[in-house]
Amino acid sequence: VGAMESTRELMAQERYRDAARTAEEAVFARPENSGGWYALALASAAAGNTNRSLEALEQAAAKGWTAWERMEAEPLLAKVRRDPRYAEILARMRR
C-alpha cells in the first residue's frame, strides 16, 4: 500500500520516472494486484516507456483488471493506444 500511495503522489507531481520506479516496487511486492500493474502502465506511459506500459497492461489484464472503460478514457495512454498490442489487450479485457 505504501508504494501505491507513493506512486499516486509522484504521478500528481508529474514525476513520472520516479512514479514508474515506485510502481515497479509495488508490483514486485504484490504481483497479484491488477491495480498495481495498471498504475505501472500509466506511470510508464507518462514516462515515455510505451513497451513497459504495454507489458504492464498485459499483466493487469492477466491478473483480472477489467476496467477497460477507464483505460480507454485515460489521457496518459494516448500514445500507447496507437500500438497494435493495445487493441489485443483491450479485446481480452472486454471478454
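Residues numbered from 1 in each chain as written. Predicted model: local features only at pLDDT ≥ 70, side-chain atom pairs only at ≥ 80, totals over all residues. Heavy atoms only, no water.

K.L.:
I'm lost on the nonpolar core in this one. Help?
P.N.:
Within the largest apolar cluster, 26 residues are counted, with the highest numbers of intra-cluster contacts made by Y38, L57, M71, L77, V80 and Y86. Contributing elements (two or more residues each) for this core: α1 (2-12), α2 (16-29), α3 (34-46), α4 (50-62) and α7 (84-94). When residues of this core are assigned to their parent elements, the largest contribution, seven residues, is made by α3. In contact with L77, not counting residues within four places along its chain, are Y38, A41, L42, A45, S53, L57 and M71. (Core = buried A, V, L, I, M, F, W, Y, C linked by side-chain atoms within 4.5 Å. Buried < 20%, exposed > 50% of the residue type's maximum accessible area, 1.4 Å probe, protein only. Helix = DSSP H or I, 4+ residues; strand = E, 2+ residues; numbered from the N terminus. Contact = heavy atoms within 4.5 Å.)

K.L.:
Mind showing me how you'd approach the packing of aromatic side chains here?
P.N.:
Working definition: an aromatic ring pair is given by the centre-to-centre distance plus the angle between the planes. Going through the model one piece at a time under the given rule, you end up with one aromatic pair. For the pair Y38 and W65, a centre-to-centre distance of 4.3 Å together with 10 degrees between the ring planes defines the contact as stacked. Residue Y38 is found in helix α3, and its partner W65 is found in the loop between α4 and α5 (68-73); the two are separated by 27 residues along the sequence. Accessibility expressed as a relative area gives 12% for W65, which makes it buried. (Phe/Tyr/Trp six-rings, centres within 6.5 Å; stacked < 30°, edge-to-face > 60°.)

K.L.:
It is not clear to me how the side chain of T50 should be interpreted in this structure. Could you clarify?
P.N.:
Looking at where T50 falls in the secondary structure, it is placed in helix α4. Using a relative accessible area of 16% as the deciding quantity, one classes T50 as buried. Not counting the four nearest positions on each side in its chain, T50 is found in contact with K79 and V80.

K.L.:
Teacher, can you tell me more about α1 here?
P.N.:
An α-helical turn contains 3.6 residues, so any two residues separated by three or four positions project in the same direction. Along α1, the residues that are buried comprise M4, T7, L10 and M11. One side of α1 holds all its buried residues, which, seen down the axis, span an arc of 125 degrees. Of the residues flanking the end of α1, it is E14, one or two places downstream, whose phi is positive at about 60 degrees. (Arc of directions from axis to C-beta.)

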